[in-house]
Amino acid sequence: MATKLWDKGKATNAEIEKFTVGKDREMDLYLAECDVLGSMAHITMLESIGLIAKDELPVLLAELKNIYLAAHRGEFVIEEGIEDVHSQVELMLTRKLGDLGKKIHSGRSRNDQVLVDMKLWTREQIKSVVEAVEGLFNVLIQQSEKYKNVLLPGYTHLQIAMPSSFGLWFGAYAESLADDMELLLSAWKVTNRNPLGSAAGYGSSFPLNRQMTTELLGFDTMDYNVVYAQMCRGKMEKTVSFALAGIAATLSKLAFDACMFTSQNFGFIKLPDECTTGSSIMPHKKNPDVFELTRAKCNKIQSLPQQIMMLINNLPSGYFRDLQIIKEVFMPSFGELLDCIKMTTHIMSDVKINEHILDDPKYDFIFSVEEVNRLALEGMPFRDAYKKVGLQCEAGEFKPNKNIHHTHQGSIGNLCNDGITALMNKTISEFNFDKVEEAKKKLLAI
Ligand code: ARG
């Protein structure tokens, strides 16, 4: 069966083939549109250096665009016996255009095809993540502003410690996301470089114009050195996964807080009924399964950098089939993370807040430092004031003054949400998604 690009008339053992292809056909379906875009850029460049005739280019581009549109409609399939997306696209092209279709692979290898496909695909995924994170960020900032005057106990060692507020709690997670975006921006920058033209990992004797494909695909610049371009397989994914892990860590911490705060022993927040799940035996139950699953999924995403590291660690330079497995761990994680962000956004915008937590005297001691500070402001040395209040606490004589006055930057009375929003907006503005979108539109406008 001559369905392999590398077929030389000798059949591969069916079991071996099944093992080597593994889940790749499933993963490659994610890449169909990107594979076609990469080919469109590549052949446009091939025409410019005389490897495809002037009149052949529009015919090839039109057919590739048809394949792109089919993939866009979700109608692209990798047929039985076809190894991967690259083989499928070439097969469809040759079926339709005969020998002309066979011309598109000049100066290219599946190694740089999959490299460029992964870059194009990851760029789109990063864009979706940024948009989703921005949505969650906005909800958190709104809630922080709305509930800035509602106090709750702060904890150290899970022992009640000092006054905190819902303004601080929501705002803290917003600021955490702003920092996470910085890491994602760095990951975006290394993703947004063109590996195409590195071929099998050592370039080509054809005078490929890599600057041209870089511009056609809307990349910032290229991975210049062809050996390094191939070394980026796995390295790019690892870098991006560190950024995803950062966002996941923020979400899983928030999820844990939310699970804890919704427990009856805390009673700080209440999830909307429609966002809870019941028990098959206990009729009163309203469980925060959404946050438990978010925590678990996000903890799993935090293992992504380690998984990718284990796959690429100690590989020498050059291509190895090991790299194929990265797709299986890397690609599905975007959907999982996006689901978690979506769920968290939904619940955070509807969560009910207990405005009277601190009426319970068990929280009185969180005001002990306020009292020490009041005495210190009146002139008593801090250590003496600390001792005095400490003795009152021990003797059961401590009377809290719940009118607190925190004014410094980032404190209960001065949340600096404007500063946090400015940080986030600046980072987001540096993702040049528009340039990428424009290049794609231009490439498809044939
Ligand atoms: N499925 C392969 C991968 O993901 C594509 C590249 C195949 N290259 C090769 N030399 N066998 O790595």
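Higher on the page you've got the structure.
I will try to describe carefully the structure that is included in this document.

Thresholds applied
Residues numbered from 1 in each chain as written. Predicted model: local features only at pLDDT ≥ 70, side-chain atom pairs only at ≥ 80, totals over all residues. Heavy atoms only, no water. Helix = DSSP H or I, 4+ residues; strand = E, 2+ residues; numbered from the N terminus. Buried < 20%, exposed > 50% of the residue type's maximum accessible area, 1.4 Å probe, protein only. Contact = heavy atoms within 4.5 Å. Areas by Shrake-Rupley, 256 points an atom, 1.4 Å probe, with all protein chains shown as cover. Lys, Arg positive; Asp, Glu negative; His and termini not counted. Charge placed at Lys NZ, Arg CZ, Asp CG, Glu CD. Salt bridge = Lys/Arg side-chain N within 4 Å of Asp/Glu carboxyl O. Disulfide = S-S within 2.5 Å. Near = heavy atom within 4 Å. Polar contact = N/O pair within 3.5 Å; in protein donor to acceptor, adjacent residues only side chain to side chain. Nonpolar A, V, L, I, M, F, W, Y, C, P; charged D, E, K, R; others polar. Core = buried A, V, L, I, M, F, W, Y, C linked by side-chain atoms within 4.5 Å.

**Structural notes on the overall build of the protein**
Item 1. Along the backbone of the protein there are 16 helices and six strands.
Item 2. Principal-axis analysis of the C-alpha atoms places the extent of the protein at approximately 90 × 50 × 40 Å.
Item 3. Out of the 446 residues in the protein, the part that is buried amounts to 48%.
Item 4. Intrachain contacts of the protein at a sequence separation of at least 6 include 78% that bridge at least 24 residues.
Item 5. Accessible surface for the protein amounts to roughly 21900 Å². Of this, 55% is attributable to carbon and sulfur atoms.
Item 6. The average position of the 49 basic charges and that of the 58 acidic charges among the side chains of the protein differ by 2 Å.

**Observations concerning the pattern of salt bridges**
One side chain can pair with another of opposite charge once the charged atoms of both are near each other.
Item 1. Tallying each qualifying case throughout the model produces 23 salt bridges.
Item 2. One salt bridge connects D360 with K362, and the closest N-O pair in it is separated by 3.6 Å.
Item 3. Owing to a relative accessible area of 48%, K362 belongs among the partly exposed residues under this scheme.
Item 4. Between K426 and E430 there is a salt bridge, with its nearest N and O atoms 3.0 Å apart.
Item 5. Each of D24, D28 and K327 takes part in one network of salt bridges that share partners.

**Considerations on the state of the cysteines**
Item 1. In this structure the tally under the stated criterion is zero disulfides.
Item 2. Distance from the sulfur of C298, which forms no disulfide, to the nearest cysteine sulfur (C340) is 4.0 Å.
Item 3. Given a relative accessible area of 0%, C298 falls into the buried group.

**What to know about the site of the ligand**
Item 1. By nearness alone, every residue bordering the ligand is listed as D24, R110, N111, V114, R233, Y319, Q324 and K327.
Item 2. In this structure, N111 approaches the ligand through a side-chain N or O atom, which is 2.9 Å from a nitrogen atom.
Item 3. In this structure, an oxygen atom belonging to the ligand sits 2.9 Å away from a side-chain N or O atom of R233.
Item 4. About the coverage of the ligand: the protein hides 85% of its 350 Å² of free accessible area.
Item 5. Counting residues per element, the ones that place at least two in the shell around the ligand are α6 (110-146) and α12 (324-350).
Item 6. In terms of residue class, the shell around the ligand is built from two nonpolar, two polar and four charged.

**Structural notes on the nonpolar core**
Item 1. Among the nonpolar cores identified, the biggest contains 117 residues, and F166, I247 and I269 are the most heavily contacted of them.
Item 2. No other element matches α6, which puts 14 residues into this core.
Item 3. The residues touching I269, leaving out its near neighbours within four places in the chain, are F166, W169, A258, F261, T262, V351, K352 and I353.

**Some thoughts on unusual backbone geometry**
If a residue is not glycine, its phi is most likely negative; likewise, a peptide bond is most likely trans.
Item 1. Phi at A199 is positive, roughly 55°, even though this residue is not glycine.
Item 2. With respect to the secondary-structure elements, A199 resides in the loop between β3 (193-194) and α8 (210-216).
Item 3. Residue classification places A199 among the buried positions, given a relative accessible area of 6%.
Item 4. For C416, which is not a glycine, the phi torsion comes out positive at approximately 60°.
Item 5. By secondary structure assignment, the location of C416 is in the loop between α14 (382-394) and α15 (417-429).

Shape descriptors only; they carry no functional weight alone.
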